[in-house]
Amino acid sequence: MSRKPGGFLQEASHQIAAGGSAGLVEICLMHPLDVVKTRFQIQRGKTDPTSYKSLGDSFRTIFRTEGLFGFYKGIFPPIMAETPKRAVKFFTFEQYKKLLGHASLSPGVTFAVAGLGSGLTEAVVVNPFEVVKVSLQAKRNAFTEQPSTFVQARQIITTEGLGFRGLNKGLTATLGRHGVFNMVYFGFYFNVKNIIPVNEEPTLEFLRKFGIGLVSGTIASIINIPFDVAKSRIQGPQPEPGEIKYRTCFKTMATVYKEEGFLALYKGLVPKIMRLGPGGAVMLLVYEYAYAWLQENW
């Protein structure tokens, strides 16, 4: 990737703009799968009367009872969050990577640790948006009957406050979800990309990067999903109104494991992989190509 010389502010603006573009493209393409994933994760087993029988059943039921726009419930919080979120993700990754370049670490470890740092930073920024998004996605009424994003956020702040029981609940689970995901995602992608030779043919080079990004997103999704399930349980509706059952990350994981079994910690894995496998590839490609274009033209 050719680069024009420039100062920190120019470099940072390129990384932020490219990262924000990557997030916006990914969320617009993949949000319906995020809705389905969240619905599976907040189900409390086969005794839950609202349980979906299968992935296909969830798509059919949502479309039949909530309409096409039911798949886009809760999309405005991530749209508002994805641009700064992905901008933070890629910008902090690049900066942590540069900072770690002064340490005597192998490139492989540097990529993974920089990914971990970027994920933890990203989680702090995005968690309030996630609380609003999950609360909207959990509602099974028609899209036109839903409160707006701002009304929902105001309701959460009014009834539960801004703290760890309100707009910032589930922060530890979000830290785990993003930290683990980005550590694996960036670590795998850049290490494997450096091993597999560059292809001179543009289409094959695009497919090389897409394939590595797809595998990166898939592996990261498999490893971090227990944190994702815990986050959805903490931020979603509680089983008994007025009683908080799911409070902290690891206690929630233990409760889910004890009551529903090991596989319950992997609820929503298929739609998550369907989203973040190709979605992870899309983000990396949009970021790399947008970053290269910005460096050449701006």
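In this text, all values refer to a predicted model and were calculated from it rather than measured experimentally. (Residues numbered from 1 in each chain as written. Predicted model: local features only at pLDDT ≥ 70, side-chain atom pairs only at ≥ 80, totals over all residues. Heavy atoms only, no water.)

I'd love a proper account of the overall build of the chain, names of residues and values included.
Broken down by element type, the chain carries nine helices and zero strands. In terms of C-alpha radius of gyration, the chain reaches 20 Å, essentially the compact-globule figure of 19 Å for 298 residues. With the principal axes as the frame, the chain shows a C-alpha extent of 55 × 35 × 35 Å. The long-range fraction of contacts in the chain, counting pairs at least 24 apart against all pairs at least 6 apart in sequence, stands at 78%. (Helix = DSSP H or I, 4+ residues; strand = E, 2+ residues; numbered from the N terminus. Rg over C-alpha atoms; globule rule 2.2 N^0.38 Å. Contact = heavy atoms within 4.5 Å.)

Explain the nonpolar core to me, using residue names and the numbers behind them.
By size, the foremost hydrophobic cluster in this structure holds 23 residues, and its most contacted members are Phe90, Tyr185 and Phe186. In this structure, Val180, Tyr246, Met253 and Val256 belong to the second largest nonpolar core, which totals 11 residues. (Core = buried A, V, L, I, M, F, W, Y, C linked by side-chain atoms within 4.5 Å. Buried < 20%, exposed > 50% of the residue type's maximum accessible area, 1.4 Å probe, protein only.)

Could you give an account of helix α5 (residues 149-160), naming the residues involved and the relevant values?
Over its 12 residues, α5 runs 16 Å from end to end, which matches the ideal 16 Å to within 8%, given 1.5 Å per residue. When we look at burial in α5, the residues that qualify are Thr149, Gln152, Ala153 and Ile156. Taken around the axis of α5, the buried residues stretch over an arc of 100 degrees, which confines them to a single face. Of the exposed residues in α5, the ones pointing more than 90 degrees away from its buried face are Phe150, Arg154, Thr158 and Thr159. For α5, the elements touching its buried residues are α3 (76-100) and α4 (107-137). Two residues or fewer past α5, glycine 161 is found with a positive phi of approximately 90 degrees. (Expected span 1.5 Å × (residues − 1). Arc of directions from axis to C-beta.)

That is the geometry; function is a separate question.
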